[in-house]
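Summary of the model geometry
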Amino acid sequence: MATQHSRAAARLMISPAVLLLLGWMIVPLSMTLYFSFLRYNLLMPGMEEFTGWTNYRFFLTDPAFFAALTNTLLLVGGVLLITVIGGTLLALLLDQPFWGQGIVRIMVIAPFFVMPTVSALVWKNMFMNPVNGLFGHAAHWLGLEPYDFLSQAPLMSIIGIVSWQWLPFATLILLTALQSLDQEQLEAAEMDGAGAVQRFGYIMLPHLARAITVVILIQTIFLLSIFAEILVTTNGGPGTASTNLTYLIYMQSLLQFDVGGGSAGGVIAIILANIVAIFLMRMIGKNLDA
Amino acid sequence: MARAATTQRKAIVTVAAWIVGIAIFFPILWIVILSFKSEGDAIRTPLEVLRAQWTLESYTTVQERSNYLRHFWNSVVLSVGSTLIGLIIAVPAAWAMAFVPGKRTKDVLMWMLSTKMLPPVGVLVPIYLIFRDLGLLDSRVGLVIVLTLINLPIIIWMLYTYFREIPGEILEAARMDGATLRDEILYVLTPMAVPGIASTLLLNIILAWNEAFWTLNLTAAKAAPLTAFIASYSSPEGLFYAKLSAASTMAIAPILIMGWFSQKQLVRGLTFGAVK
């Protein structure tokens, strides 16, 4: 139905958005790529020269890279495990009829709206601080030694904080998916003698599979780039115990002024994120046809 | 019999759900309580904290010592500004793709989404250097540009999924009646699209308000929004629990309220329409 005229108008209306995003993508990306092959340190201006793959070799053989890669995987994996399992259980609970559904729902979603620096600092000081934190008080009250979470188990503590932030997201999406489940199908299964576990395993879980995949993919994209939580709690330490890839590249580029090395790290981070992105895009693309 | 069983079951679920809900909400509740206590009381044991005198002093000290309102205003300018500019760019684009779909519309949409998958740290260095050379570091203008660009794909996608649900026949009918493109957008599409645009607006203000990679890396003192201001409490001097709580409470309260209003649209916006 679209006429020649409306096609031209449509193209005109899309072009600002396309041009801006194209610029946002191509300009910095090509600069990152270019810098990654240079010896370029902001402390030594005018000394830039082409060095081939040297930056990549240094970055990839740095023990900190291996530690950061492991931490990134543990952080993403740990948070996914907690939020997907916890979110499924919470969604199943909240999907039942009970008094005060609206209020409980609001309370469960709330952490998602708390800015990362606030949630990290609140957990760090008000809960995990061994002297004045609530966990410290609780340990004292129980007659136990207070535990210094962020210096003795930094990565685990950050996984805990980030999980608190993302549990609402998983819960909300899984709850939405559960509510679109055909109730009659569940009732029919119950009539046929299917127990609660069977109903969950054979009807609910297959129905939730798609939502769970979406949760995993979207969270992975965000979790690969966790930054503020690490910056305000541990600064990546002690040593590299809680440094993830994002934080390592940040340190190399903006704290050590090593533009070349940081850029090589950036290219590697982009490649890793792309692997996840391809799967996510396929999922969403399929939905577009439906 | 069955009725009694369901009531009993409902009671058990109610207790369980409330316990879990309060546990998850507790950290937020706790900072709200601490924000109304004096610094000396805020580090006492929980029971002593609850019994201590209520006071507003933390709120006034936060403002006096650090000009809190300036950072709050920065957050407002950055989140609302970037969202409005984003909408101005995105509404026509989403409109065109939803109502005049071409062969490559799907590819364009997927490509836009792919820009969102780019890890920010991958372009940190060039953006930092460009900003340094253009004098945009620690400026609100610079951050509005970045926040607009990083949220543009989400804005376009959300609007697209809303616009697609508007029946195209209505537009054709308007066209038959002699409506121009301008009339079409102004009098037919806009009233039908307002709810979708409103929830897109809300969700994006929330996302921009809480954005904590670029705001932390590209600001120092002048243009720092609340995310960056609150990060300065990571290496404080002296007692600060009550002040941190007051600063945090004011930083999250507006977003919590907006978030509760937009919770239904949240799922759709954050999953790019994959879960509705």
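1. Quick look at the overall build of chain A
Counting its regular elements, chain A contains 13 helices and two strands. Taken over C-alpha atoms, the radius of gyration comes to 24 Å for chain A, far larger than the 19 Å a tight globule of 290 residues would show. Principal-axis analysis of the C-alpha atoms gives chain A an extent of 80 × 75 × 30 Å. By sequence separation, contacts in chain A at least 24 residues apart represent 69% of the contacts at least 6 residues apart.

2. Observations concerning unusual backbone geometry
All names here are of chain B. You will see that N67, though not glycine, has its phi angle at about 50°, which is positive. If you trace the backbone, N67 turns up in the loop between α4 (57-66) and α5 (68-99). Positive phi values are uncommon outside glycine, yet D138 reaches one of about 55°. Mapped onto the elements, D138 comes out in the loop between α7 (124-134) and α8 (140-163).

3. Remarks on a positive patch on the surface
On the surface, R7(A), R11(A), K103(B) and R104(B) cluster together into a positively charged patch. Structurally, R104(B) is set in the loop between α5 and α6 (105-116). Overall, R104(B) belongs to the exposed group, its relative accessible area being 64%.

4. Structural notes on the interface of chain B and chain A
The interface is formed by 104 residues belonging to chain B together with 95 residues belonging to chain A. Carbon and sulfur atoms make up 81% of the area that chain B and chain A hide from each other, which totals about 8,800 Å². When the buried area of chain B at its contact with chain A is split by residue, I24(B), M117(B) and Y241(B) rank highest and sum to 7% of it. At the junction of chain B and chain A, the tally comes to zero salt bridges.

5. A short note on the pattern of salt bridges
Opposite charge on two side chains lets them pair, provided their charged atoms get close. Residue and element names in this part refer to chain B. Tallying each qualifying case throughout the model produces five salt bridges over all chains. Between E39 and K243 there is a salt bridge; the shortest N-O distance is 3.3 Å. Of the two residues, E39 sits in helix α2 (residues 39-42) while K243 sits in helix α13 (residues 241-261), which places them 204 residues apart along the sequence. Across the pair, K243 and E39 agree in class, each one buried. The partner of D133 in a salt bridge is R132, and the shortest N-O contact between them spans 3.3 Å. The class for D133 is exposed, based on a relative accessible area of 56%. On the basis of relative accessibility, which here comes to 39%, the residue R132 falls in the partly exposed class.

6. Structural notes on the confidence of the model for chain B
All names here are of chain B. Mean pLDDT over chain B stands at 87; residues scoring 70 or higher make up 97%. Ranking the elements of chain B by mean pLDDT puts helix α14 (residues 263-270) last with 75 and α5 first with 93. Across the whole predicted complex the pTM is 0.89, and at the interface the ipTM reaches 0.88.

7. Section: the packing of aromatic side chains
Going through the model one piece at a time under the given rule, you end up with 35 aromatic pairs over all chains. Here the aromatic rings of Y34(A) and F35(A) are separated by 6.0 Å at their centres, their planes lie at 45°, and the arrangement is tilted. A relative accessible area of 53% places Y34(A) in the exposed class. For the ring pair W157(B) and Y160(B), a centre distance of 6.4 Å and an interplane angle of 70° mean the geometry is edge-to-face. You can see W157(B) and its partner Y160(B) sitting in helix α8, three residues apart, about one turn around the helix. Like W157(B), the residue Y160(B) is buried in the burial classification.

8. Thoughts on a nonpolar patch on the surface
On the surface, a cluster of nonpolar side chains totalling about 400 Å² of accessible area is made up of L43(A), M44(A), M47(A) and F257(A). On the secondary structure map, M44(A) appears in the loop between β1 (38-39) and β2 (49-50).

9. A short note on the nonpolar core
Side chains of nonpolar character tend, in soluble globular proteins, to be buried together. Ranked by size, the top nonpolar core spans 191 residues in total, and within it M126(A), F99(B), F163(B) and W214(B) carry the most contacts. Those residues in contact with F99(B) that sit more than four places away from it in its chain are F163(B), I166(B), G168(B), L171(B) and L189(B). Listed in part, the seven residues of the second largest apolar core include F35(A), Y40(A), V259(A) and V125(B).

Cut-off values and rules
Residues numbered from 1 in each chain as written. Chains lettered and ligands numbered in written order. Predicted model: local features only at pLDDT ≥ 70, side-chain atom pairs only at ≥ 80, totals over all residues. Heavy atoms only, no water. Helix = DSSP H or I, 4+ residues; strand = E, 2+ residues; numbered from the N terminus. Rg over C-alpha atoms; globule rule 2.2 N^0.38 Å. Contact = heavy atoms within 4.5 Å. Patch = residues over 30% accessible without salt bridge, like charges linked within 9 Å, V, L, I, M, F, W, Y side chains within 5 Å. Areas by Shrake-Rupley, 256 points an atom, 1.4 Å probe, with all protein chains shown as cover. Salt bridge = Lys/Arg side-chain N within 4 Å of Asp/Glu carboxyl O. Lys, Arg positive; Asp, Glu negative; His and termini not counted. Charge placed at Lys NZ, Arg CZ, Asp CG, Glu CD. Buried < 20%, exposed > 50% of the residue type's maximum accessible area, 1.4 Å probe, protein only. Buried area = accessible area lost by both parts, 1.4 Å probe. pLDDT = per-residue confidence, 0-100. Phe/Tyr/Trp six-rings, centres within 6.5 Å; stacked < 30°, edge-to-face > 60°. Core = buried A, V, L, I, M, F, W, Y, C linked by side-chain atoms within 4.5 Å.

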